[in-house]
Amino acid sequence: MSRPIEVRELTMEYSEVRALDNVTLRVEKGELVTVLGPSGCGKSTLLSLISGLRKATAGQIYLGEERIDHLPPQQREIGFLFQNYALFPSMNVYENLAFGLRIRKYSRIEINRQVEELLEMLGLTDQAHKKPAHLSGGQQQRVALGRALAPKPNVLLLDEPLSALDVQIRQRLREELRNLQKNLGITTILVTHDQEEAFELGDRVAVMNKGKIEQVDIPQRIYDFPATEFVACFVGNVNVLSGVVSSGKIYSCSLAMDIPDYLKGTLNNTPVRIYIRPENFILEKETNATAKGAMRGVIRSAVFRGALIGLDILLDNAEVIHAVVTKDKTSSKGLFPGERVVVWAKASHVVSTQTAPACVKAG
């Protein structure tokens, strides 16, 4: 029976390095939360503490209402799929799947029943007597997943489970993994550095940076409404423009935007940073007509990306922005390199009142 998992104020220190810094996160029963962040941000450390492979410096871990951070790994009822799969090379598929059940003293009949169920569920029945070396990468990943699921854990932890696979296999297994997780209804935490994977698989996404969770939300809100500068810059591409508050609006060059609710009351002339996704610009060829609340510039370059075209635009104030438009729109509106354009912002989100840009602009 699946149960929620919760960490409260979890901290992990190595000498003078704080790998996890007061992390709190709750994953509901049957929910899949992806933990997204760059290498070294503490993602894998979080999993190792939840599983019991390491002991936290401070904080608590709860499985449902039961505190479990004092328990050894084998008593936590948590399945762990390692990044490198950690299959036993001398054991065949059947024996790898049965291993966890044997050390837990399951009967031979029960072991055989559960392993046969796993083999069928994972599409590995005809691979049961093969050693890991004779399996494809995708098959090895399924065996490792099956071994983690064999004892019927309350929680499943997945550490970069698809990173070792090539792109086509990874895409197919994402769908298989998501369907399996939903069918089993098992509470799951999946660590990844792949943004597409995090958004596709996660009911919610937790974005980590330097040992802290900076935002937890559904994927669309993470993308559209980043809570911090790091989230805005790390997730997807973004343009960072300098602006100023004046009379209830935010201005950047001649671009004018309504001020968001949480910045209302900000004093006039307060400098801000404006974060705009490349697809949230509206472009038109420049004419003699007045374009109120818009920026002007010249298209410097265009990059073909299949159905989309990426445009670099040199604004009249010497800043460069990056926009994405459909291939059809570039033709119908004459949006080609060398053309002068007028630019509006379709949507924007201000996340800081500091002045110097803190991240690289979209490319």
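Cut-offs used in this document
- Residues numbered from 1 in each chain as written.
- Predicted model: local features only at pLDDT ≥ 70, side-chain atom pairs only at ≥ 80, totals over all residues.
- Heavy atoms only, no water.
- Axes fitted to C-alpha atoms, helices over the stretch in contact; angles between N-to-C directions.
- Helix = DSSP H or I, 4+ residues; strand = E, 2+ residues; numbered from the N terminus.
- Parallel < 35°, antiparallel > 145°, perpendicular 65-115°, else oblique.
- Left-handed = near helix turned anticlockwise from the far one by under 90°.
- Contact = heavy atoms within 4.5 Å.
- Salt bridge = Lys/Arg side-chain N within 4 Å of Asp/Glu carboxyl O.
- Buried < 20%, exposed > 50% of the residue type's maximum accessible area, 1.4 Å probe, protein only.
- Polar contact = N/O pair within 3.5 Å; in protein donor to acceptor, adjacent residues only side chain to side chain.
- Pairing = 2+ DSSP bridges.
- Phe/Tyr/Trp six-rings, centres within 6.5 Å; stacked < 30°, edge-to-face > 60°.
- Lys NZ or Arg CZ within 6 Å of the ring centre and 35° of its normal.

K.L.:
Mind showing me how you'd approach the packing of helix α2 (residues 93-103) against helix α3 (residues 108-121) here?
P.N.:
Each pair of packed helices can be described by the angle between their axes along with the distance between the axes. With their axes 10 Å apart at the nearest point, α2 and α3 run at an angle of 130° to one another. Overall, the two elements α2 and α3 adopt an arrangement that is oblique. Along this stretch, α2 crosses α3, giving a crossing that reads as right-handed. Side by side, α2 and α3 meet where V93, Y94, L97, A98, L101 and R102 of the first sit next to I111, N112, Q114, V115, E116, L118 and L119 of the second.

K.L.:
When you look at the pattern of salt bridges in this model, what are you seeing that I'm missing?
P.N.:
When the charged atoms of two side chains lie near each other, side chains of opposite charge can form a pair. Per the stated rule, a full pass over the model turns up 27 salt bridges. Among the salt bridges present, the one from R142 reaches E176, with a minimum N-O distance of 3.2 Å. On the criterion of sequence distance, the pair formed by R142 in helix α4 (residues 137-149) and E176 in helix α5 (residues 167-184) is long-range, its members being 34 residues apart. Residue classification places R142 among the buried positions, given a relative accessible area of 16%. Among the residues examined, E176 registers a relative accessible area of 33% and is labelled partly exposed. For the salt bridge of R221 with D217, the shortest nitrogen-to-oxygen distance reads 3.3 Å. Residue R221 is classed as partly exposed on the basis of its relative accessible area of 40%. Several salt bridges share partner residues, and in doing so they unite R174, D194, E196, E197 and E200 into one network.

K.L.:
Could you clarify how one ought to interpret the side chain of T192 in this entry?
P.N.:
Within the secondary structure, T192 sits in strand β8 (residues 187-192). Owing to a relative accessible area of 0%, T192 belongs among the buried residues under this scheme. At 3.1 Å, the side chain of T192 forms a polar contact with the side chain of E197. Residue contacts for T192: discarding those within four places in its chain leaves V35, L36, G37, K43, E160, E197 and A198.

K.L.:
What should I look at first to understand the sheet that holds strand β3 (residues 32-36) in this one?
P.N.:
Hydrogen bonds between backbone groups are what pair the strands of a sheet, and the pairing can be parallel or antiparallel. Taking strand neighbours across the sheet as the criterion, the six strands line up as β6-β7-β8-β3-β9-β10 in an open arrangement whose pairing is mixed. The strands lining the two open edges of the sheet, one partner per strand, are β6 (78-81) and β10 (212-217). Along the sheet, successive strands turn relative to each other by an average axial angle of 20°, direction set aside. As paired strands, β3 and strand β9 (residues 204-209) are joined by four bridges and run parallel to one another. Each residue of the ladder has a partner; that of V33, found in β9, is R204. Those strands touched by α4 are β6 and β7 (155-159), and its axis lies near 165° from that of β6.

K.L.:
Even after reading the chapter, I still don't get the sheet that holds strand β2 (residues 17-27), so can you show me in this structure?
P.N.:
Spatially, four strands are ordered β2-β1-β4-β5 in an open sheet, and the strand pairing comes out antiparallel. Edge positions in the sheet fall to β2 and β5 (66-67), since each of these pairs with one other strand and no more. As judged from the five bridges shared by strand β1 (residues 5-14) and strand β4 (residues 58-63), these two strands associate in the antiparallel manner. From the neighbouring strand, E6 faces β4, where its bridge partner is Y62. Helix α1 (residues 43-51) rests against β1, β2 and β4 of the sheet, and its axis sits at about 115° to β1.

K.L.:
Can you help me understand the packing of aromatic side chains in this one?
P.N.:
Each aromatic ring pair is specified by the distance between its two centres and by the angle formed by the two planes. Tallying each qualifying case throughout the model produces two aromatic pairs. Between F88 and F99, the aromatic rings sit 4.6 Å apart at their centres with planes inclined by 50°, giving tilted as the arrangement. Linking F88 in the loop between β6 and α2 with F99 in helix α2, this pair joins segments that are 11 residues apart in sequence. On the basis of relative accessibility, which here comes to 29%, the residue F88 falls in the partly exposed class. Ring plane angle 15° and centroid distance 5.2 Å describe the contact between F230 and F234, whose orientation is recorded as stacked. A residue pair is termed a helical-turn pair when its members lie 3 or 4 positions apart in one helix, as F230 and F234 do in helix α8 (residues 229-234) at four residues. Look at F234 and you get buried, because its relative accessible area is 18%. Across the ring face of Y62, the terminal group of R8 is positioned such that the distance to the ring centre comes to 3.9 Å. Across from the ring centre of Y223, 4.2 Å away, lies the NZ or CZ of R277, which sits over that ring.

K.L.:
Sorry if this is basic, but what is going on with the pairing of strand β16 (residues 295-305) here?
P.N.:
For a regular strand, side chains alternate in direction, first toward one face of the sheet and then toward the other. When β16 meets strand β19 (residues 340-345), the two strands line up antiparallel, connected through four bridges. Paired with V298 across the strands is R340, a residue of β19. Here eight bridges tie β16 to strand β17 (residues 308-315), and the two strands are oriented antiparallel to one another. The partner of G297 across the bridge, within β17, is L315. Two successive antiparallel strands, β16 and β17, enclose a turn made up of two residues, where G306 displays a positive phi of approximately 80°.

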